[in-house]
Amino acid sequence: THSFITLGEAMAMFVAKTPGQLANIEEFHRSLAGAEVNVAIGMARLGFEASYISKVGKDSFGQFIRKAISKENIRTAWISESTNHATGFMLKSNVTDGSDPKVEYFRKNSAASTLSATDIDENLFKTGTHLHLTGISIAVSSTMREATKHALNLAKEQGCSVSFDTNLRPTLWPDEATMIANINEFAFASDIVLPGIEEGKILAGSDQPEVIADFYLQHGVKTVIVKLGSKGAFFKTNTGESGTVAGFPVEKVVDTVGAGDSFAVGVISALLDGKAMEQAARRGNLLGSLTVQVRGDSEGLPTRAHLSTLEKAV
Ligand code: CKP
Ligand code: MG
């Protein structure tokens with residue numbers, strides 16, 4: 001079996017029950033958030049052995065995260081506990097027009113932000129097949145950035161493939177130039193890079209999917225998939241294969257957050273299943289379309305049986 005590894009910060013997420021400014025919301029629904037844990041959930045639901053490296057606080061949010069993760073059959077052995085830093089959380093607004101919701105983070109100096117390179121167990125990578133990283137982990141803190149770097153190096157040493165979702169979060173960076181330099185450094189060192197078109201504009205300086213892809217391919221990346229939202233995705237590989245895959249029609253967009261993570265699950269799982277690039281991009285679109293139809297980040301992610309039914313239908 002293929003074993004999947006990821007690293008990041010999981011948070012309790014409070015989603016507003018009603019539309020309006022977060023300051024005015026009285027009722028929230030709690031769920032789980034964190035780009036990397038979202039991907040781990042998707043992979044575990046599809047039957048992959050998934051390991052998640054993280055840190056939580058010695059508090060109720062930490063307990064909630066641990067429980068939610070073990071319920072998804074993700075290995076929790078690499079989730080450590082901080083005794084003096086609290087688990088981070090976030091708020092998310094409720095939108096009704098399909099626009100991107102507002103998010104507000106309460107994660108500065110969080111338990112996960114104290115994760116460091118010494119928390120990474122080398123042995124995990126000896127049996128690993130694939131490592132997924134995102135630009136959020138490297139924005140959270142310098143120690144988490146070092147931990148991420150260490151994981152990346154171990155994965156490469158052990159022959160694990162590496163995917164990188166650029167996931168730009170400007171509010172977590174001191175300035176745009178620092179963000180671009182750091183994100184691109186990690187992207188260039190990865191095998192598969194998954195930027196959104198808006199992210200590509202900032203990182204590669206072009207709004208043309210192919211120019212964005214070429215930018216990363218020229219820096220040694222093997223495969224680039226540019227996410228085009230409802231328009232689908234553009235992929236290009238270093239062997240010259242390229243194409244655009246249309247998005248899946250969605251009746252009503254409820255909440256766009258988490259779509260990128262679901263897209264990553266589709267792509268990575270399909271590649272580990274031995275599918276061709278075009279089918280991988282198609283599965284990415286399919287899973288992204290499921291997630292935009294629910295308010296949570298991972299509630300829309302399918303089991304293996306559900307995915308098989310959906311893929312037979314298209
Ligand atoms: O790029 P996506 O909308 O797929 O990512 C959403 C996640 O980790 C969400 O779970 C949120 O907690 C975050 O990105 C973040 O830290 O912004
Ligand atoms: Mg994203």
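So, here's what we can say about the structure. A quick note: this is a predicted structure, and the numbers were derived from the prediction, not measured.

**As for the overall build of the protein**
(1) Moving on: Secondary structure assignment for the protein yields 11 helices and 14 strands.
(2) Moving on: Relative to the 2.2 N^0.38 estimate, which gives 20 Å for 314 residues, the radius of gyration of the protein is 18 Å and therefore close to what a compact globule would have.
(3) Moving on: The buried share of the protein, reckoned over its 314 residues, is 55%.
(4) Moving on: Carbon and sulfur atoms make up 50% of the accessible area of the protein, which totals about 13200 Å².
(5) Moving on: Each charge sign in the protein was given a centre, from 30 positive and 35 negative side chains, and these centres are 4 Å apart.

**Focus on the sheet that holds strand 7 (residues 89-92)**
(1) Moving on: Pairing in this open sheet of 4 strands is mixed, and the strands run 3-2-7-8 from one edge to the other. In this open sheet, the two strands that pair with only one neighbour each are strand 3 (28-33) and strand 8 (103-106). Going from strand to strand, the sheet's axes swing by 25° on average, the running direction of each strand aside.
(2) Moving on: With 6 bridges connecting them, strand 2 (residues 11-16) and strand 3 associate as antiparallel partners. Paired with Phe 14 across the strands is Arg 30, a residue of strand 3.
(3) Moving on: Packing against the sheet, helix 2 (residues 60-71) makes contact with strand 2, strand 3 and strand 7, and its axis sits at approximately 60° to strand 3.

**A closer look at the packing of aromatic side chains**
Remark: the centre distance and the inter-plane angle together describe each pair of aromatic rings, the angle taken between the planes.
(1) Moving on: Evaluation of the coordinates by the stated rule reveals 8 aromatic pairs.
(2) Moving on: Ring centres of Phe 215 and Tyr 216 lie 4.9 Å apart, and the angle between their planes is 75°; this geometry places the pair in the edge-to-face category.
(3) Moving on: Ring pairs connect the aromatic residues Phe 14, Phe 61, Phe 89 and Phe 106, which therefore count as one cluster.
(4) Moving on: Residue placement shows Arg 30 over the ring face of Phe 64; its charged tip is 3.7 Å from the ring centre.
(5) Moving on: The ring of Phe 186 has Lys 149 lying over it, and the distance from NZ or CZ to the ring centre is 5.8 Å.

Cut-offs and rules
Within any chain, residue numbers begin from 1 and follow the written order of that chain's sequence. Written order decides the labels, with chains lettered from A and ligands numbered from 1. The predicted origin of the model limits local features to residues at a pLDDT of at least 70 and limits the giving and counting of side-chain atom pairs to 80 or more, whereas totals for whole chains, interfaces and linings rest on all residues. Computation of side-chain values covers all heavy atoms of the structure but excludes hydrogens and water. Secondary structure elements follow DSSP: runs of H or I no shorter than four residues count as helices, runs of E no shorter than two count as strands, and numbering proceeds from the N terminus. Atoms considered for the radius of gyration are the C-alpha atoms alone. The globule rule reads 2.2 Å times the number of residues to the power 0.38. Under the scheme applied here, a residue whose accessible area is under 20% of the maximum for its type counts as buried, over 50% as exposed, and between as partly exposed, the area being computed with a 1.4 Å probe on protein chains only. The accessible surface values rely on the Shrake-Rupley method and a 1.4 Å probe; as for residues, cover is taken only from the protein chains in view. Under this rule, positive means Lys or Arg and negative means Asp or Glu; His and the chain ends count for nothing. Where a charge lies is defined by one atom per residue type, namely NZ (Lys), CZ (Arg), CG (Asp) and CD (Glu). For two strands to count as paired, DSSP must find a minimum of two bridges between them. A fitted line through C-alpha atoms serves as each axis, taken over the contacting stretch for helices, and the angle formed by two N-to-C directions is quoted from 0 to 180°. The contact criterion used is simple: two residues touch if any of their non-hydrogen atoms lie within 4.5 Å. Note on ring pairs: Phe, Tyr and Trp rings are taken, using the six-membered ring of Trp, and paired if centres are within 6.5 Å. Classes follow the plane angle, with under 30 degrees stacked, over 60 edge-to-face and the rest tilted. To sit over a ring, a charge needs its Lys NZ or Arg CZ within 6 Å of the ring centre and within 35 degrees of the ring normal.

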